[in-house]
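Understanding the architecture of this molecule
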Amino acid sequence: MKYDYLVVGAGLYGAVFAHEAMQKGKKVLVVDKRPHIAGNIYTEDVNGIRVHRYGAHIFHTSDKKVWDYVNRFAEFNNYINSPIARYHDELYNLPFNMNTFSKMWGIATPAEAKKIIHDQIEDLHITEPKNLEEQALSLVGRDVYEKLIKGYTEKQWGRPCTELPAFIIRRLPLRFVYDNNYFNDRYQGIPIGGYTQIVEKLLDGADVRLNCDFRKNREELEAMADRILYTGQIDQYYDYKLGVLEYRSVRFETEELDTDNFQGNAVVNYTAREVPYTRIIEHKHFEFGKQDHTIISREYSSEWKKGDEPYYPVNNARNNALYEEYRKLAQSETRVRFGGRLGAYKYYDMDKVIAAALAFCDDELK
Ligand code: UDP
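With that out of the way, let us pick up the overall build of the protein. Counting its secondary structure elements, the protein contains 12 helices and 16 strands. Computed over C-alpha atoms, the radius of gyration of the protein comes to 22 Å, within 12% of the 21 Å expected from 2.2 N^0.38 for 366 residues, which places it in the range of a compact globule. Oriented by its inertia axes, the alpha-carbon framework of the protein measures out at about 70 × 50 × 35 Å. Buried positions account for 55% of the 366 residues belonging to the protein. Considering only residue pairs separated by 6 or more positions, the protein has 72% of its internal contacts joining residues 24 or more positions apart. When the accessible surface of the protein is split by element, carbon and sulfur atoms take 48% of a total near 16500 Å². Separation of charge centres in the protein, based on 50 positive and 55 negative side chains, amounts to 3 Å.

In structure tokens form, the structure reads like this:
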């Protein structure tokens, strides 16, 4: 056999593993069915503006080890994510904080905001939120839920909020101070030079085959390495034999515009149900761009079907139980391991991907 490892998928998880394996003297082959490396964190230069081709990626973490790790491969700028939510003609700050509440209710103090939220949900008697709707209502009350959460979430996930897990909304901070930072994390930024170069550096020294679909070249590829790390969809690896795991997919309509500033912010969420897209990204603002033109992407969410790119695992009870069955199957593999957002079927942020990959390395490469 020519290689110690075959890594299927050139995204962040696979690239971190490939890098660490090479540090230990292993020979690594990385394959990806796309024509480029970096998976969904792929960024590319389009007329002088760095475009996040598969949606906005903002790096944030409280894990010092992960932060130090990525900083070995890129310097980060001081971008702080502060999205705007647009509900018809009303504009609000995100995440849910005193700026949001004072605009919504014309109030000024945390005590006033808390009282309004309390009064709006008093009669619901929610003790243990059972789903996203109950979780959202109990955190922010009915007005914020109706205007800023319900429509957006149902577009994004294609399911009623009562059928979605509560953890999805707990990703967002809720605070009673005037602070529009979307994340609570200690460290945050966008890599200067983009994400693709991070993956390029991680893969330095590995053989990389692009436009190479593992499933179409399975026998040949499996024979080329001792062990395999599979970072694609775990159910697809098994030909969906236990059932199909659900995902949301995303479609982007990207446009170059002859104006230097289209929306004044990198991210504007359109929270009304009637607007077909969920958000508009204006890429230059991630890097404080001064170009005289701009590039925007409208983001449309859809149910994943075979052949689409999967983006978000739908971690409801049915899918988590099915994933558990696949995981058991995977545990009986002797030379194949699974990881990453698709291999582990988890709504991972980038820092969690790196942490999981490093933990896997500790185990696999010891
Ligand atoms: N969300 C919302 N309104 C918003 C932004 C987010 O209701 O304006 C909810 C929605 O359910 C979404 C979840 O919060 O799926 C998590 O949002 P986040 O921005 O973390 O999602 P991502 O950037 O990963 O798509």
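A few words now on the packing of helix H2 (residues 64–71) against helix H12 (residues 350–364). Where H2 meets H12, the closest approach of the two axes is 10 Å, and the angle between their N-to-C directions is 95°. By the angle between their directions, the pair H2 and H12 is classed as roughly perpendicular. Within the contact between the two elements, H2 uses Lys-65, Val-66, Tyr-69 and Val-70 and H12 uses Asp-351, Ile-354, Ala-355, Leu-358 and Asp-362. Here the contact of H2 with H12 is built from residues that sort into six nonpolar, no polar and three charged.

To continue, consider the packing of helix H4 (residues 110–121) against helix H5 (residues 132–157). As a packed pair, H4 and H5 sit with axes 7 Å apart at the nearest point and diverge in direction by 95°. As the angle between them shows, H4 and H5 are arranged roughly perpendicular. For the pair formed by H4 and H5, the contact residues are Ile-117, Gln-120 and Ile-121 on the first element and Leu-137, Ser-138, Leu-139, Val-140, Gly-141, Arg-142 and Asp-143 on the second. Residues of the contact of H4 with H5, tallied by class, amount to five nonpolar, three polar and two charged.

As a further point, take the site of the ligand. Surrounding the ligand, one finds 17 residues, the nearest of these being Thr-153, Trp-157, Tyr-182, Tyr-312 and Tyr-347. A distance of 3.4 Å separates an oxygen atom of the ligand from a polar backbone atom of Ile-149. Its free accessible area being 530 Å², the ligand has 93% of it covered by the protein chains. Every element with two or more residues in the shell around the ligand is listed here: H5 and helix H6 (167–170). With six residues, H5 is the largest single contributor of residues to the shell around the ligand. The residue inventory of the shell around the ligand, partitioned by class, reads 11 nonpolar, four polar and two charged.

Counted under the stated rule, the structure contains 28 salt bridges. Here Glu-303 makes a salt bridge to Arg-159, at a shortest N to O gap of 2.7 Å. Here the residue Glu-303 occupies a position in strand E14 (residues 294–303), and Arg-159 occupies one in the loop between H5 and H6, the gap between them amounting to 144 residues. The exposure class of Glu-303 is partly exposed, given its relative accessible area of 31%. The exposure class of Arg-159 is buried, given its relative accessible area of 11%. Between Asp-363 and Lys-366 there is a salt bridge, with the nearest N and O atoms lying 3.0 Å from each other.

Moving on, we get to the packing of aromatic side chains. Throughout the structure, instances matching the rule amount to 30 aromatic pairs. For the ring pair Phe-214 and Tyr-237, a centre distance of 6.2 Å and an interplane angle of 15° mean the geometry is stacked. Of this pair, Phe-214 sits in the loop between strand E9 (207–209) and helix H8 (218–222) while Tyr-237 sits in helix H9 (residues 234–237), and the two are 23 residues apart along the sequence. The pair Phe-214 / Tyr-237 is uniform in exposure class, with both members buried. With 5.9 Å between their ring centres and 35° between their planes, Tyr-238 and Phe-338 make a pair best called tilted. With a gap of 100 residues between them, Tyr-238 in the loop between H9 and strand E11 (247–257) and Phe-338 in strand E16 (residues 336–338) connect regions that are remote in the sequence. Taking the relative accessible area as the measure of exposure, Phe-338 reaches 15% and is therefore buried. Taken together, the ring pairs in this structure connect Phe-214, Tyr-230, Tyr-237, Tyr-238, Tyr-326 and Phe-338 into an aromatic cluster. When the ring centre of Tyr-347 is taken as origin, the NZ or CZ atom of Arg-171, which lies over that ring, is 3.9 Å away. Here Arg-251 stacks its cationic end above the ring of Tyr-300, 4.3 Å away from the centre of that ring.

Parameters and conventions
- Per chain, residue numbering runs from 1 following the sequence as it is written.
- Local features are withheld for residues below a pLDDT of 70 in this predicted model, meaning they are given only at 70 or higher, and side-chain atom pairs are given and counted only at 80 or more; totals for whole chains, interfaces and linings count all residues.
- The side-chain quantities take in all heavy atoms of the structure and omit both hydrogens and water.
- Strands are runs of DSSP state E lasting at least 2 residues, helices are runs of H or I lasting at least 4, and numbering of each runs from the N terminus.
- Each radius of gyration is computed over the set of C-alpha atoms, and the globule rule expresses the reference value as 2.2 Å times the number of residues to the power 0.38.
- Throughout, exposure labels follow a simple rule: accessible area from a 1.4 Å probe, protein chains only, divided by the maximum for the residue type, with under 20% read as buried, over 50% as exposed, and the rest as partly exposed.
- Contacts between residues were defined by any pair of non-hydrogen atoms, one from each residue, lying within 4.5 Å.
- Using the Shrake-Rupley algorithm and a 1.4 Å probe, accessible areas are obtained, with residue cover drawn only from the displayed protein chains.
- When charges are tallied, Lys and Arg are placed among the positive residues and Asp and Glu among the negative ones, while His and the ends of the chain are skipped.
- Taken as the charge location is NZ of Lys, CZ of Arg, CG of Asp or CD of Glu.
- Axis lines are fitted to C-alpha atoms, over the contacting stretch for helices. Their N-to-C directions set the angle, which ranges from 0 to 180 degrees.
- Each angle receives one of four descriptions, namely roughly parallel if under 35 degrees, roughly antiparallel if over 145, roughly perpendicular if within 65 to 115, and oblique otherwise.
- Residues are grouped as follows: Ala, Val, Leu, Ile, Met, Phe, Trp, Tyr, Cys and Pro are nonpolar; Asp, Glu, Lys and Arg are charged; all remaining types, including Gly, are polar.
- One heavy atom within 4 Å of a molecule or strand makes the whole residue count as near it.
- For the purposes of these results, a polar contact is taken to be a pair of N or O atoms within 3.5 Å, where, inside protein, one atom must be able to donate a hydrogen and its partner to accept one; residues adjacent in sequence count only when each atom of the pair is a side-chain atom.
- The salt bridge criterion pairs a side-chain nitrogen of Lys or Arg with a carboxyl oxygen of Asp or Glu, the two atoms within 4 Å.
- Stacked, tilted and edge-to-face are the three classes applied to pairs of Phe, Tyr and Trp rings, where Trp contributes its six-membered ring and a pair requires centres within 6.5 Å; stacked means planes under 30 degrees apart, edge-to-face means over 60, and tilted covers the rest.
- Should the NZ of a Lys or the CZ of an Arg lie within 6 Å of a ring centre and within 35 degrees of the ring normal, that charge is described as sitting over the ring.

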